[in-house]
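One letter stands for each residue in the lines below.
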Amino acid sequence: MEEQQRRALRRGRARLVAALRVEPLWDLLEQRGLFTRPMLEELQSTGSRGEQARQLIIDLETRGKQAFPAFLSILRDTGQGDLAEMLIQECESRPVPPQLPDLRPVELELREEKQRKRLPFLTGIVSCWISQQALVIRRSLIVTCPCQDYEMKADPCGHCLILNNVNFSRDSGLSTREGSDIDCEKLERRFRALHFTVLTRRDLKAQEMVLELLKLSRQDHSALDCCIVVILSHGCQTSHIQFPGGVYGTDGKPIPIEKIVNYFNGSNCPSLRGKPKLFFIQACGGEQRDQGFVVDCDSPEEEAPGGSLESDATPFRVSSDNVDEPDAIASLPTPSDILVSYSTFPGFVSWREKSSGSWYVETLDSVLEQYAHSEDLLSMLVTVAHAVSAKGRYKQMPGCFNFLRKKFFFMCH
C-alpha cells in the first residue's frame, strides 16, 4: 500500500469509526481476497461496531497494494460511497508539514557556576556541549532517581494469564506437548509468590485463546501495576512488523505474537498505559536445530537427554493468500512498556523434556526464585539466556524484544 493511501486511512479513521457500517463488508472482503474467514472472525470478535471498524482500518494497511482501491470499491457497492469519496480526497491532499520547534539558543546559568562558564542549551533538544561539572551532576541524578524504576506497590501487583496448550486436534498434525503441565505448575507457583493473581487456561483453540486475551485486555487495570501473559504451545514463524513468531491453538490455527501483544498496547488497553506488560513465550520460532560452535569454556558440556527430548517446532506455513506483499506496513501504536521474552531465537526449535519440562521455563523459574528479590528483570533474562545456551548437544538461545522505559523489579516482600 502506498504511503498516501495509508495516510488517507489514518486521517479518515475517526470518521470511519463513527460512520462505517461493517456488517455488509464481511462477505465482500473475503470474496475479493482482502481477508480470510478466520481473520474476519477475529475482527468480528473485537467488540462493538466502532471497535470492529477501527481494527479493520488498522489491519487494512497490511493487506497489500490492491487493498485500498478494493476497499473503495466495496464501500461503493455497499452504499457507503460518501466514505469512499472522503478517502479519495484525503489521499489527494498534501501532508501538512510539521511545525519546527524554536531552536534559538537560550543561556542558562547554574548557581554553582555563577563565576564560571555559562552553559548553552537549545530549546527542545539537548545540547551536545555541557560542562564536565554539570555532566557529573546529571549522571548522579540518573543513577539515584527513583523514577527510573517501575512502581510496584499494588498487592496483588497485577494479573497473570497462562495459556497452556498440551493436546492438539488430530487434524492439526501437532503432537502432544508432554512436560508442558510441569512448566505450567512451576510458573503458577512462581508468579503467585511474586504477588500476581494467576489464571490458567488449558487446551484452547485459537479463537478461544484470542477471547481470553481480549477479556484480560478489557479489564480495568487501574489499581494494578503490571500485567503478565504466558503462552505454552507449539509455535511457528510468521510475517511480522515488530514482534516475530506465532503460537498455535489446539485446532492448529496460528496466532501472531504481534497481534497478541497489541491487544495490550496503549490504544487497546488504556488502563495499562505507562505500566509494564510482560509476555513469556515458550514455543518454537521455527524448525532449525542449532548444533552450536566450539568455544573455549570452563564449563563441562552437557549430554543431550536421551529419548525424552522434544521440540515445540512446526514448519512455517506460507499463506495461500497472495495479497500480503513486502511493502505492507501496519499502523501500530508505539509498543512502549512492553517486553516479550522468547524461549528461542526466531527460526529455531525450543527444547522440552517430558519429565522436567522445557529448558527455558525450568531455568526462568530457577532464576526468578534466586534473584527476583534483588535483580531487575532484564538482568535475570540475561542469566536465563546464558544458562539455557549452555545446555545439551543441540543448542537453544532465548532472547527478548524490550520496549520497557524503566527498570523492572518484582515486588518480593
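Analysis parameters
Residues numbered from 1 in each chain as written. Predicted model: local features only at pLDDT ≥ 70, side-chain atom pairs only at ≥ 80, totals over all residues. Heavy atoms only, no water. UniProt positions renumbered as here; feature names shortened; annotations may be inferred. Helix = DSSP H or I, 4+ residues; strand = E, 2+ residues; numbered from the N terminus. Polar contact = N/O pair within 3.5 Å; in protein donor to acceptor, adjacent residues only side chain to side chain. Pairing = 2+ DSSP bridges. Axes fitted to C-alpha atoms, helices over the stretch in contact; angles between N-to-C directions. Contact = heavy atoms within 4.5 Å.

**Student:** How should the UniProt feature "active site" (unreviewed entry) in the chain be read in this particular structure?
**Tutor:** Mapped onto this numbering, the UniProt entry gives "active site" (unreviewed entry) at H234 and C284. As for its placement among the helices and strands, H234 is situated in the loop between β5 (226-232) and β6 (235-236). A distance of 2.8 Å separates a polar side-chain atom of H234 from the backbone oxygen of S175.

**Student:** Would you explain the sheet that holds strand β11 (residues 338-342) in this entry?
**Tutor:** Pairing in this open sheet of six strands is mixed, and the strands run β4-β3-β5-β9-β11-β14 from one edge to the other. In the strand order of this sheet, the two ends are held by β4 (196-202) and β14 (399-402), each with one partner. Recorded for the sheet is a direction-independent mean angle of 15° between the axes of neighbouring strands. One ladder, built from seven bridges, connects strand β3 (residues 158-164) with β4; its direction is parallel. Paired with H159 across the bridge in β4 is T197. Across the face of the sheet, helix α9 (residues 180-193) comes into contact with β3, β4, β5 and β9 (277-282) while running at roughly 165° to β4. Against the sheet, helix α12 (residues 359-371) makes contact with β5, β9 and β11, and its axis sits at roughly 140° relative to β9, the strand it touches most.

**Student:** Can you help me understand the sheet that holds β6 in this one?
**Tutor:** Sheet strands pair via backbone hydrogen bonds, and the direction of the pair is either parallel or antiparallel. Read across the sheet, three strands follow the order β6-β7-β8 without closing on themselves; strand pairing throughout is antiparallel. With one partner strand each, in any of the chains shown, β6 and β8 (254-256) form the two edges of the open sheet. As defined by bridge partners, β6 adjoins strand β7 (residues 246-248) across two bridges and the pair is classed as antiparallel. When the sheet's bridge partners are listed, G235 is paired in β7 with V247.

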